[in-house]
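These are the residues of each chain, in order.
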Amino acid sequence: MKNYELPSRRLSPRNDGRVYLVGAGPGDPELLTLRAARLLSEADIIVHDGLVSMDILAMAPATTKRISVAKQRSRHSMKQEAINALLISEARKGHKVVRLKGGDPFIFGRGGEEASDCIKAGIQVEVVPGISAALGCAAQARMPLTHRDASSAVSFVAGQCKGLSDQNWSGLVGKGRTLVIYMGVANAEAIVEKLIADGASPDIPVAVLENGTRDNFRALQTLLTDLGDLVQRENVKSPALLVVGEVARYGDAEDKFIEYAQMAGVEF
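Residues numbered from 1 in each chain as written. Predicted model: local features only at pLDDT ≥ 70, side-chain atom pairs only at ≥ 80, totals over all residues. Heavy atoms only, no water.

1. Notes on the nonpolar core
Within soluble globular proteins, side chains that are nonpolar generally end up buried alongside one another. We apply this condition: Put simply, buried Ala, Val, Leu, Ile, Met, Phe, Trp, Tyr and Cys residues joined by side-chain atoms within 4.5 Å make one nonpolar core. Relative accessibility decides the category of a residue: with a 1.4 Å probe and only protein chains considered, values under 20% of the type maximum give buried, values over 50% give exposed, and everything between is partly exposed. By definition, any uninterrupted DSSP run of H or I lasting at least four residues is a helix, any uninterrupted run of E lasting at least two residues is a strand, and each is numbered from the N terminus. A contact between two residues is defined here by any heavy atoms of the two lying within 4.5 Å.
W169, L179, I181, L195, L224, L227 and V244 are the most contacted members of the largest nonpolar core, which has 25 residues in total. Elements represented by at least two residues in this core include exactly β9 (176-182), α6 (188-197), β10 (205-210), α7 (227-233) and β12 (240-244). The element contributing the most residues to this core is α6, with four residues. With near-sequence residues (within four places) excluded, L224 lies in contact with V192, L195, I196, A200, S201, P202, I204 and V206.

2. Structural notes on the pairing of strand β1 (residues 18-23)
As a reminder, the rule being used: For two strands to pair, DSSP has to find at least two bridges joining them.
Of all the six residues making up β1, five are buried; the element is thus mostly covered by neighbouring parts of the structure. With six bridges joining them, β1 and strand β6 (residues 96-101) adopt parallel strand pairing. Residue V22 lies in a different strand from β6, and its bridge partner there is L100. In the sheet, β1 pairs with strand β7 (residues 124-128) via five bridges, with the strands oriented parallel. The residue of β7 that forms the bridge with R18 is Q124.

3. Looking at the pattern of salt bridges
Between side chains of opposite charge, pairing is possible as soon as their charged atoms come close. We apply this condition: The rule for a salt bridge is simple: a side-chain nitrogen of Lys or Arg has to be within 4 Å of a carboxyl oxygen of Asp or Glu.
Applying the stated criterion to the full structure yields 15 salt bridges. The salt bridge partner of R38 is E42, with a shortest N-O separation of 3.0 Å. Placement of the pair is R38 and E42 together in helix α1 (residues 34-42), with a separation of four residues, close to one helical turn. Judged by relative accessible area, R38 falls into the partly exposed class, the value being 40%.

4. Quick word on the side chain of E234
Quick note on the threshold: In the analysis that follows, any N or O atom pair within 3.5 Å is treated as a polar contact, provided that within protein one partner can donate a hydrogen and the other can accept it, and provided that, for residues neighboring in sequence, both atoms belong to side chains.
You can see E234 is positioned in the loop between α7 and β12. Residue E234 is classed as buried on the basis of its relative accessible area of 15%. There is a polar contact of 3.4 Å between the side chain of E234 and the side chain of K256. Setting aside chain neighbours within four positions, we find E234 in contact with R218, L220, K256 and E259.

5. Regarding the packing of aromatic side chains
To keep things clear, this is the line we draw: Planes of paired rings set the category: under 30 degrees apart is stacked, over 60 is edge-to-face and the rest tilted, where pairs are Phe, Tyr or Trp rings (Trp by its six-membered ring) whose centres lie within 6.5 Å. Lysine and arginine charges are scored as sitting over a ring when NZ or CZ, respectively, is within 6 Å of the ring centre and within 35 degrees of the ring normal.
Here the structure, examined in full by the defined rule, presents two aromatic pairs. Every member of this aromatic cluster is reached through a ring pair, and the members are F108, F156 and Y182. Looking at K194, its charged tip hangs above the ring of W169, at a distance of 5.3 Å from the centre.

6. As for the sheet that holds β6
This is how the line gets drawn: Working convention: axes come from line fits to C-alpha atoms, limited for helices to the stretch in contact. Angles between N-to-C directions cover 0 to 180 degrees.
Ordered by their spatial adjacency, five strands build an open sheet running β3-β2-β6-β1-β7, and the pairing between neighbours is parallel. The strands lining the two open edges of the sheet, one partner per strand, are β3 (65-68) and β7. When the angles between neighbouring strand axes are averaged without regard to direction, this sheet yields 20°. One ladder, built from four bridges, connects strand β2 (residues 45-48) with β6; its direction is parallel. Across the sheet, the residue bridging to I46 is V98, located in β6. Running at roughly 155° to β6, helix α3 (residues 80-92) makes contact with β1, β2, β3 and β6 of the sheet.

7. Here we look at the sheet that holds strand β13 (residues 254-255)
The strand order across the open sheet formed by six strands is β8-β9-β12-β10-β11-β13, and the pairing between neighbours is mixed. The strands lining the two open edges of the sheet, one partner per strand, are β8 (151-158) and β13. Both β10 and strand β11 (residues 218-223) contribute to a ladder of six bridges, which runs antiparallel. The residue bridging P205 from the neighbouring strand is L223, located in β11.

8. Side note on a nonpolar patch on the surface
Basically, it comes down to this: Patches in this entry comprise residues that are over 30% relatively accessible and not in a salt bridge; like charges within 9 Å are linked, as are nonpolar side chains (Val, Leu, Ile, Met, Phe, Trp, Tyr) within 5 Å. Method for areas: the Shrake-Rupley scheme with a 1.4 Å probe, in which residue coverage is limited to the protein chains shown.
A contiguous nonpolar surface patch, about 460 Å² in accessible area, is contributed by F108, I131, L135, V154, F156 and M183. Mapped onto the elements of the fold, M183 is located in the loop between β9 and α6. Look at M183 and you get partly exposed, because its relative accessible area is 34%.

9. Concerning the environment of V206
Examined against the element boundaries, V206 turns out to sit in strand β10. Under the relative-accessibility criterion, V206 is labelled buried at 0%. Here the alpha-carbon distance between V206 and V243, two residues 37 residues apart in the chain, equals 5.5 Å. Other than its neighbours up to four places away in sequence, V206 contacts L220, Q221, T222, L223, L224, L227, V243, V244 and A248.

This is the structure:
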């Protein structure tokens, strides 16, 4: 594995290196916690995800070492095992290592794996929570994930993972429930088939929240049966979330079902 060397900097005579798993939130720098912002200003090295915005990275001093470990579908710039080893190696040098992760470190961010490996290696770890994408995107769309008249429970699942068809999502969609699907855009058609096979109604409302908390944010609404086509028609790209349930009717999402119905010749 490549050894990453920092510019010369005075190190403590003790090996007091530490890893901070820091949530960068969904994109807007103003949604960082105060602690996250302070740690960025103090870090010796920042190991960051690809979805972390340049505005957030710019909050650290220009002299701070930055290493991107961006992950894309089926293509990782660095394997997870190598990322874990990098964090441990840099902390052992006495460095203050900020592992900067989109959203929250412990929601689909593999933060648990990184923390576990560091702890096993005797490295001190602190977790700084961040606003998860589901919360940030829904807030921007003014879409409540729970609502007294629509939903008393919300579940988070990953839509881009191995064995999607083997996962049991039955019971997660239906009356009084909200399902939020992370990383589901690329698998939208398969997700529709899966949800319907697991008992979801084809006419349950769905919202697509794209580029949450950023200037190019979009919120689109349709019915489950149209989700795959909507993603294609509107050229939806990651990062985007899918919100399935009656709460998708609330807020500012643009209703695209009428357009779909007209194209399909559906009368309503």
